[in-house]
Amino acid sequence: MAALYAGGNTSASGDGEAPPPPTAGRRRGGWITTPFIIASVAGLTLGGGGWLNNLIVFLIQEFNIKSINAAQINNVICGCSNFFPVLAAVLADSFLGCFSVIWISSIISLLGLILLVLTVTVDGLRPPDCETGSSFCASTSRIQYTILFAALALVSMGLGSTRFTLTTFGANQFNRLKHQTTYFNLYFFTLYVSSFISATGIVYVEDNLSWAWGYGICIVANVMGFAVFLAGSRFYYHDKLQESPFTGLACVVVACVRKRNAEISSESADYYYADTDGGKVAVEEAPPTKSFQILNRAALKTEGDVLPNGSISKLWKLCTVQQVEDLKSLIRILPLWSSSILLSTPIGIQGSLTVLQALTTNRHLGHRFQIPAGSMMVFSLISTAISLTLFDHFLWPMWKRVAGKNPTSLQQIGVGHMLNITSMAVSAIVESKRRDAATSHHLQGGLMSVLWLVPQLVIVGTGEAFHFPGQVALYYQEFPTCLKSMATAMVAMQLGVAYYLSTAVIDFVRRVTEWLPDNIDDGRVDNVYWLLVVIGVFNFGFYIVCSWLYKYKNVHDQGISES
């Protein structure tokens, strides 16, 4: 089951194609590569999480950016870091290879971190600090904003590209599913531990020592991860580059348009089944399916389309039936994919608002220790990690004993929807209590404890343990074979769209209501959460309809993998 949690693309070579034999006595691939890759994951995750987890607080304190605007910038950056894996997957599969994408992205991330360090060490690269108790703060200049956003663009690009591509690159070092599963367990254990350390230790350094020390640790971690990755280069197995799968899908659309006046046939002999690489005609097969029948024209043979040797005479005018069916499979699953966007949008909004809420609460544990606001999301992380463990060892075996089979991916995602809605409702109730405490009490210690924010994060983390693996499993099982390498990267794209949509939702709320002023104590953040509840309920209804209408392509893979 752990193999389904990979947050990156999984190339075909990792699904059974054995690495080539050693050349000239040099071993390629296998367990000898794992220490290098896992150490790289640890270093690059520490370097990336150290700046991302505390970004909102950084923007507020160092660049005098208003709280809601800082939250909006944070969501945009999170969206970027989830869009880049898709681009990285295409570059890795078809142009540069995983190894090149990883080392180039590591350098890009390092350059961004260096710029961030400069912004907190060179006075001219950030505005003057606000005076204590003053309502006036110097605004950030255009050149300061330019350097800041350049740094954030570089680090988000590097973080997104390395984190997901390393997943694939490590799995491709093995040719047995058992070994790949063990690697994924090591990968995700390292990912969670590194994320926990960055969200607690590095964020604590940034809040209590200095931003320069915190970002300096990020640079050291990034350099060490990059260096260890390069040190193992002579042991790695490198995949052969492949043609981009999107080329074949685009060919279907173009060919269909070019043959828009052709009459659709029901005879299989009228369609092209040959393999586009070998040019050999396959055994006679059934005609294309009747769903989205208009696309069948792309595989319809007309005069001059096929050469005597069976190959296509003109590309972009004729496609194989398999390419047509691949596009149909993608179209069928898109409604389910789109419903996951509004599943993740409230999570993005909640994450940003939770940091702002934490800044207005009593964060002290005892007399000396204060929980950093940027560390609050670690409660969601811990909840997800514990839930995944409990599911694997207790819930799924119990479910199978009671129901006779494992839960389907769609059932997992559905439970995630319900928990997500519950978390938003709890957030609204807690925010009402926090706002009352903030406006009613003016004595020291009268503010609500930050620990009141923990239950909503635990619930949303548990929900993520349901819906995130369910989505990865569904897309990997149901996506066309040519898109297996992009299936799990589509989860990252969905998260990217969700973060961008969250900024649009917040912007809309600010334009038409007064719920989100710069000082959230004067607003109605609880109403924002109730709005997210309403959005979640309608989206859940849409998801139920989509899942009811959807028919699994791989029926035998409906349940959770027991690997």
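As annotated in an unreviewed UniProt entry, the chain carries the name Protein NRT1/ PTR FAMILY 2.7 and is attributed to Sesamum radiatum. Taken directly from UniProt, the Subcellular location (unreviewed entry) text for the chain runs: "Membrane".

Turning to the packing of aromatic side chains, a few remarks are in order. For the structure on display, the rule yields 22 aromatic pairs. When the ring of Tyr 187 is compared with that of Phe 188, the centres are 5.0 Å apart and the planes differ by 85 degrees; the resulting orientation is edge-to-face. Grouping residues by exposure puts Tyr 187 and Phe 188 together as buried. Between Trp 211 and Tyr 215, the aromatic rings sit 5.8 Å apart at their centres with planes inclined by 45 degrees, giving tilted as the arrangement. Of this pair, Trp 211 and Tyr 215 are both found in helix 7 (residues 211–231), four residues apart, which corresponds to roughly one turn of the helix. Of the two residues, Trp 211 and Tyr 215, neither departs from the other in class, the shared state being buried. Residue placement shows Lys 433 over the ring face of Trp 452; its charged tip is 4.7 Å from the ring centre.

Applying the stated criterion across every chain yields a total of 10 salt bridges. The residue Lys 317 makes a salt bridge to Asp 305 at a minimum N-O spacing of 3.9 Å. A residue pair is termed long-range when its members are at least 10 positions apart, and Lys 317 in the loop between helix 8 (245–258) and helix 9 (321–359) and Asp 305 in the loop between helix 8 and helix 9 qualify at 12 residues. Of the residues examined, Lys 317 reaches a relative accessible area of 22% and is grouped as partly exposed. For Glu 431, the salt bridge is made with Arg 434, and the minimal N-O distance between the two is 2.8 Å.

Rules of the game
- Along each chain, residue indices are assigned from 1 in the same order as the chain's sequence is written.
- Local features are withheld for residues below a pLDDT of 70 in this predicted model, meaning they are given only at 70 or higher, and side-chain atom pairs are given and counted only at 80 or more; totals for whole chains, interfaces and linings count all residues.
- For the side-chain quantities, the full set of heavy atoms in the structure was used; hydrogens and water were omitted.
- UniProt positions are given in the numbering used here, feature names are shortened, and annotations may be inferred rather than shown by experiment.
- Pairs were defined over the aromatic rings of Phe, Tyr and Trp, the Trp ring being its six-membered one, requiring ring centres within 6.5 Å. Orientation was assigned from the angle between planes: stacked under 30 degrees, edge-to-face over 60, tilted for the rest.
- The rule is simple: take the accessible area with a 1.4 Å probe, protein chains only, and divide by the maximum for that residue type; under 20% is buried, over 50% is exposed, in between is partly exposed.
- Numbered from the N terminus, helices here are DSSP runs of H or I no shorter than four residues, and strands are runs of E no shorter than two.
- Whether a charge sits over a ring depends on NZ of Lys or CZ of Arg being within 6 Å of the ring centre and within 35 degrees of the ring normal.
- Salt bridge, as used here, is a side-chain nitrogen of Lys or Arg placed within 4 Å of a carboxyl oxygen of Asp or Glu.

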